[in-house]
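Summary of the model geometry
Here is how the chains run, residue by residue.
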Amino acid sequence: MTIEFALTPDSRWGLDPSALATVAREIGFAAVGLGVAQADEQAAASLAVNGVRCHELLAFVLGRDEEANLRHAQGLAQAADAVGAEWVLTTFGAPITSDSGRAIARFAAMFSEAGAKMAAEFSPLGKVTSIPAALAVVEAAGVDRAGVLIDSWHFFRGGGTWEDLTSVPLDRIAYVQFADAPEPVSDDAFDETMNRRVMPGDGSFDLERFSSTLLERGWQGLVSVEVLSRDLRRLSVPEFARMGYEKTARYWR
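Residues numbered from 1 in each chain as written. Predicted model: local features only at pLDDT ≥ 70, side-chain atom pairs only at ≥ 80, totals over all residues. Heavy atoms only, no water.

1. Thoughts on helix α5 (residues 131-141)
- Buried within α5 we find I131, A134, L135, V137, V138 and A141. Axial view of α5: buried residues confined to an arc of 155°, hence all on one face.
- The inward-facing, buried residues of α5 abut β4 (87-92), α4 (98-113), β5 (117-121), β6 (146-151), α6 (152-157) and α7 (162-167).
- Looking at where α5 begins, the residue whose side-chain oxygen comes 3.2 Å from the main-chain nitrogen of A133 is S130.
- Positive backbone phi, approximately 110°, marks G142, located one or two places after α5. (Buried < 20%, exposed > 50% of the residue type's maximum accessible area, 1.4 Å probe, protein only. Helix = DSSP H or I, 4+ residues; strand = E, 2+ residues; numbered from the N terminus. Arc of directions from axis to C-beta. Contact = heavy atoms within 4.5 Å. Polar contact = N/O pair within 3.5 Å; in protein donor to acceptor, adjacent residues only side chain to side chain.)

2. A few points about the pairing of strand β1 (residues 3-7)
- Among the 5 residues in β1, 4 count as buried, and that is most of the element.
- Judged from the 5 bridges that link them, β1 and strand β8 (residues 221-225) form a sheet pairing that is parallel. Pairing of A6 across the sheet is with S224, part of β8.
- With 2 bridges connecting them, β1 and strand β2 (residues 31-35) associate as parallel partners. Directly across from A6, in β2, lies its bridge partner A31. (Pairing = 2+ DSSP bridges.)

3. Some thoughts on the packing of aromatic side chains
- This model, assessed by the stated rule, comprises 17 aromatic pairs.
- Centre to centre, the rings of F155 and F156 are 5.1 Å apart; their planes meet at 90°, and the pair counts as edge-to-face.
- Overall, F155 belongs to the buried group, its relative accessible area being 1%.
- Under the relative-accessibility criterion, F156 is labelled partly exposed at 21%.
- On the numbers, 6.1 Å between centres and 35° between planes, the contact of F178 with F210 is tilted. Of this pair, F178 sits in strand β7 (residues 173-178) while F210 sits in helix α9 (residues 207-216), and the two are 32 residues apart along the sequence.
- A relative accessible area of 0% places F210 in the buried class.
- A network of ring pairs unites the aromatic residues F155, F156, W162, F178, F205, F210, W219, Y251 and W252 as a single cluster. (Phe/Tyr/Trp six-rings, centres within 6.5 Å; stacked < 30°, edge-to-face > 60°.)

4. Topic: the pattern of salt bridges
- Under the criterion given, the structure shown has 13 salt bridges.
- The structure contains a network of salt bridges with shared partners spanning E4, R53 and E86. (Salt bridge = Lys/Arg side-chain N within 4 Å of Asp/Glu carboxyl O.)

5. Overview of the environment of E86
- Tracing the backbone shows E86 in the loop between α3 (66-83) and β4.
- In this structure the C-alpha to C-alpha distance between E86 and T129, which are 43 residues apart in sequence, comes to 23 Å.
- Discounting chain neighbours no more than four positions away, the residues touching E86 are R53, C54, H55, A116 and K117.

6. Concerning unusual backbone geometry
- The omega angle of the peptide bond from L58 to A59 is -15°, so this bond is cis rather than trans.
- Counting through the fold element by element, A59 comes out in strand β3 (residues 53-62).

7. Here we look at the sheet that holds β1
- Here we have 8 strands rolled up into a closed barrel, ordered β1-β2-β3-β4-β5-β6-β7-β8, and parallel in their pairing. Taking the axes of each pair of neighbouring strands and ignoring which way they run, one obtains an average angle of 30° across the sheet.
- Bridge count between β7 and β8: 3 bridges; the pairing is parallel. Each residue of the ladder has a partner; that of V176, found in β8, is V223.
- Across the face of the sheet, α3 comes into contact with β2, β3 and β4 while running at roughly 180° to β3. (Axes fitted to C-alpha atoms, helices over the stretch in contact; angles between N-to-C directions.)

The following block contains the structure:
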């Protein structure tokens, strides 16, 4: 069974791609995420030197402004091509309609031409809030050009069900983002997800069941550490990344 580990960076680290790639190589991550503004030929060279790849480009937010969506998608496709990104992380700020479904197919085709696929991320903070809803996006995009991104925070905080996790087709899963969280201290879900995640095993999520549900079904793929934390930003990035790798890996081996 093959599970690879990746690192989704916190944009507030202020780390350039070369430094990020070096940290990833030293710790043993196979891949890193990159912000679209960082994804250029220089970043691609840094990744190649360090022997890591770009698994995700951050990020495409599908909103209501059609022209803005198109401009953003074009920029993401160009960036994905430059760094060989495997996925373009996509979130949804507007409801999915027949018109937006056609747009999703168009954008997924653009990413595909650049060598990437659309990673449809469901979230309680957006308009696509569940695994079934994200699967519908994948159908609209084209199953050969998209997959469902399963983020453990969104799964547990968004009311994901174990039935969803046991029934999602394995070949429809793009990859997993992995983190834990304590019980919330406010109704501000945005602050909770951006600032109060903790390392796997340090919170209240049943991550053992989460990971074993996928592993026992035979899933093989990439697990990306995404621990967005106000407190943990005080650590050096290498210290943070090493801790994230070690605490994540024990759930997937």
